[in-house]
Amino acid sequence: MVIILGDILADYAIRVEQLEIQPKDLQRVSYLALGPGGACNVAIMAAHLGLKVAALGEVGRDLFGEIVLEGLTAEGVDVSGVIVTPDARTPVANVLVDERGEPAYLGYPGSLQVKSLPDTWRPLIGAAEALYADGWAEHEFVPAIILEALREARAAGVPSFFDPGPGNPKIDNTWHSEAAAVATVLLATEEEARRLSGDDDPVASARALLARGSQLVIIKRGMAGAFLLTADDLHIAPGLPVIARDATGAGDSLAAAVMYGYLHQFDLQALGDLGNATGAAKVRKLGTGHNMPTIAEVNEMLRRFGSELTLDVPGAG
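Because the structure is a prediction, the values reported are computed rather than measured.

Novice: What exactly am I supposed to notice about the overall build of the protein chain here?
Specialist: In terms of regular secondary structure, the protein chain is built from ten helices and 14 strands. With the principal axes as the frame, the protein chain shows a C-alpha extent of 50 × 50 × 45 Å. Residues counted as buried form 57% of the 317 residues belonging to the protein chain. Of the contacts made within the protein chain by residues no fewer than 6 positions apart, 69% connect residues no fewer than 24 positions apart. In the form shown here, the protein chain has an accessible surface area of approximately 14000 Å², with 52% of it arising from carbon and sulfur atoms. Taking the average place of the 24 positive charges on the side chains of the protein chain and the average place of its 41 negative ones, the gap between the two points comes to 3 Å.

Put into structure tokens, the structure is as follows:
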């Protein structure tokens, strides 16, 4: 079972022609969706790839909490470990996507109340195949929960995956550096790697982060692809030339693909092929959540761009 920890929220996605909206403006909305978001996208993508997935986090007993839980359950994600707090409010991200497919985020933090890693989660983490967490902390107590979970996974020999993201501008994000050092696999953009390492060169920054404790560092470069580095190897995975309709969730889809490939012991080339193909399949689709790519769509991207890799379809044959 792969565990997705925290950042369990609802996404309210809106596609507009221009983000330069002024008071009293009226713009046509071409796409509108409400469903699971945040790290739920990683959970759903991992489930689409055939992994068994469970979510650990907190929601309120409200409409958005119901949407998150019902949406994850419909995608085959185990939500039995998600804490439902009656008087809490579920976080919501309003995702505005412009005509170029680039998102902007308006975040409602909600009012979550779990302030430390619950004891009921510890054995689940210790028995997991893998643990994923990101740096989008909705509240000031979330970093301590994630750090404790990453340490728990490390002590149990469970591979962990951490994507810092830009972090929460309302709290001190220096905890990202400690999380990156504890995690087995670090996934970061060039800008995030620069922030964590202090080095402007993406490869040099990845090597610096490897020296601090990570075993695999993946530098995400958008449409340019990715760098994948271990202590002994470097692989450059060029991006795939596709027309991007919506970049929202591209990093989430890549993270799920990396977990799948890592758990199936892919080499760096196969890992890069799968990550890029999954990201490319995502940006061709509008929205996230239930619209994360299917395994058939990922295989289509792999075939189109000449990869020798093909994923097994669960239940086929």
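Back to the text.
Novice: Sorry, what's going on with the pairing of strand β2 (residues 8-16) here?
Specialist: Every other side chain in a regular strand lies on the same face of the sheet, so the side chains alternate between the two faces. By the criterion of burial, β2 is predominantly enclosed, with eight of the nine residues buried. Pairing geometry for β2 and strand β7 (residues 92-97), over six bridges, is parallel. Each bridged residue has a counterpart across the sheet, and for alanine 10 the counterpart in β7 is valine 92.

Novice: Is there a simple way to explain the sheet that holds strand β9 (residues 130-134) in this structure?
Specialist: One key point about sheets: their strands pair by backbone hydrogen bonds, in either a parallel or an antiparallel sense. One open sheet accounts for eight strands, arranged β4-β1-β9-β10-β11-β12-β13-β14; its pairing is mixed. The two strands at the open ends of the sheet, each matched to only one other strand, are β4 (53-56) and β14 (234-238). Adjacent strand axes in the sheet meet at a mean angle of 15° when their direction is disregarded. Across the sheet, helix α5 (residues 175-182) touches β9, β10 (160-163) and β11 (185-189), and the angle it forms with β10 is around 150°.

Novice: Even after reading the chapter, I still don't get empty space enclosed by the protein, so can you show me in this structure?
Specialist: To find leftover empty space, one rolls a probe the size of a water molecule over the atoms. Counted under the stated rule, the structure contains two cavities of 30 Å³ or more. Taken as a whole, the largest cavity holds about 160 Å³ of empty space. By residue number, the principal contributor to the lining of the largest cavity is helix α4 (residues 142-156), which donates three residues. Here the residues of the lining of the largest cavity sort into nine nonpolar, two polar and three charged. There is about 40 Å³ of room inside the second largest cavity. Every residue lining the second largest cavity is listed: Ile218, Ala226, Leu228, Leu254, Val258, Leu271, Gly272, Gly275 and Asn276.

Novice: Any chance you could explain the layout of surface pockets here in plain terms?
Specialist: The calculated volume of the second largest pocket comes to roughly 250 Å³. In terms of lining residues, the second largest pocket is bounded by 17 residues, among which Gln269, Asp273, Gly306, Ser307 and Glu308 are the most central. Mapped by element, the contributors of at least two residues to the lining of the second largest pocket are β14, α9 (268-283) and α10 (295-304). Here the lining of the second largest pocket gets six residues from one element, more than from any other, and that element is α9. Of the residues in the lining of the second largest pocket, the class split is nine nonpolar, five polar and three charged.

Novice: Hey, could you run me through the environment of histidine 290 in this one?
Specialist: Its place among the elements puts histidine 290 in the loop between α9 and α10. Taking the C-alpha atoms as reference, histidine 290 lies 7.6 Å from glycine 71; in sequence the two are 219 residues apart. If near-sequence neighbours (up to four positions away) are discounted, histidine 290 is found in contact with Pro36, Ile44, His48, Gly71 and Glu75. Here the side chain of histidine 290 touches glutamate 75 through a polar contact of 2.8 Å, side chain to side chain.

Novice: How should I be thinking about the nonpolar core in this particular structure?
Specialist: Side chains of nonpolar character tend, in soluble globular proteins, to be buried together. Membership of the largest hydrophobic core comes to 58 residues, with the highest contact counts inside it found for Ile4, Leu72, Val298 and Leu311. With eight residues, the top contributor of residues to this core is helix α8 (residues 250-263). Among all residues touching leucine 311, those that are not within four sequence positions of it are Leu49, Tyr260, Phe266, Leu274, Ile295, Val298, Asn299 and Leu302. Counting residues in hydrophobic clusters, the runner-up holds 40 residues, among them Ala128, Leu147, Ala149 and Val203.

Novice: Please explain the environment of histidine 264 as it appears in this structure.
Specialist: With respect to the helices, strands and loops of the structure, histidine 264 is situated in the loop between α8 and α9. The spacing of histidine 264 and histidine 176 is 88 residues in sequence and 27 Å in space, taken between C-alpha atoms.

Novice: So what exactly am I meant to see when it comes to unusual backbone geometry here?
Specialist: Most peptide bonds adopt trans geometry, and most residues besides glycine take a negative phi value. Phi at aspartate 7 takes a positive value of approximately 55°, unusual for a residue other than glycine. Along the polypeptide, aspartate 7 turns up in the loop between β1 (2-5) and β2.

Novice: What is the right way to look at the pattern of salt bridges in this model?
Specialist: Side chains carrying opposite charge are able to pair once their charged atoms draw close together. Per the stated rule, a full pass over the model turns up ten salt bridges. One salt bridge in this structure joins arginine 122 and glutamate 152, with 2.8 Å as the shortest N-O distance. Of the two residues, arginine 122 sits in helix α3 (residues 122-126) while glutamate 152 sits in helix α4, which places them 30 residues apart along the sequence. On the basis of relative accessible area, arginine 122 is assigned to the partly exposed category, the value being 24%.

Rules of the game
- Residues numbered from 1 in each chain as written.
- Predicted model: local features only at pLDDT ≥ 70, side-chain atom pairs only at ≥ 80, totals over all residues.
- Heavy atoms only, no water.
- Helix = DSSP H or I, 4+ residues; strand = E, 2+ residues; numbered from the N terminus.
- Buried < 20%, exposed > 50% of the residue type's maximum accessible area, 1.4 Å probe, protein only.
- Contact = heavy atoms within 4.5 Å.
- Areas by Shrake-Rupley, 256 points an atom, 1.4 Å probe, with all protein chains shown as cover.
- Lys, Arg positive; Asp, Glu negative; His and termini not counted.
- Charge placed at Lys NZ, Arg CZ, Asp CG, Glu CD.
- Pairing = 2+ DSSP bridges.
- Axes fitted to C-alpha atoms, helices over the stretch in contact; angles between N-to-C directions.
- 1 Å grid on protein atoms, 1.4 Å probe; cavity = no way out; pocket = protein on both sides within 12 Å on 5 of 7 lines; lining within 4 Å.
- Points joined across faces, edges and corners; volume = space filled by probe spheres on them.
- Nonpolar A, V, L, I, M, F, W, Y, C, P; charged D, E, K, R; others polar.
- Polar contact = N/O pair within 3.5 Å; in protein donor to acceptor, adjacent residues only side chain to side chain.
- Core = buried A, V, L, I, M, F, W, Y, C linked by side-chain atoms within 4.5 Å.
- Salt bridge = Lys/Arg side-chain N within 4 Å of Asp/Glu carboxyl O.

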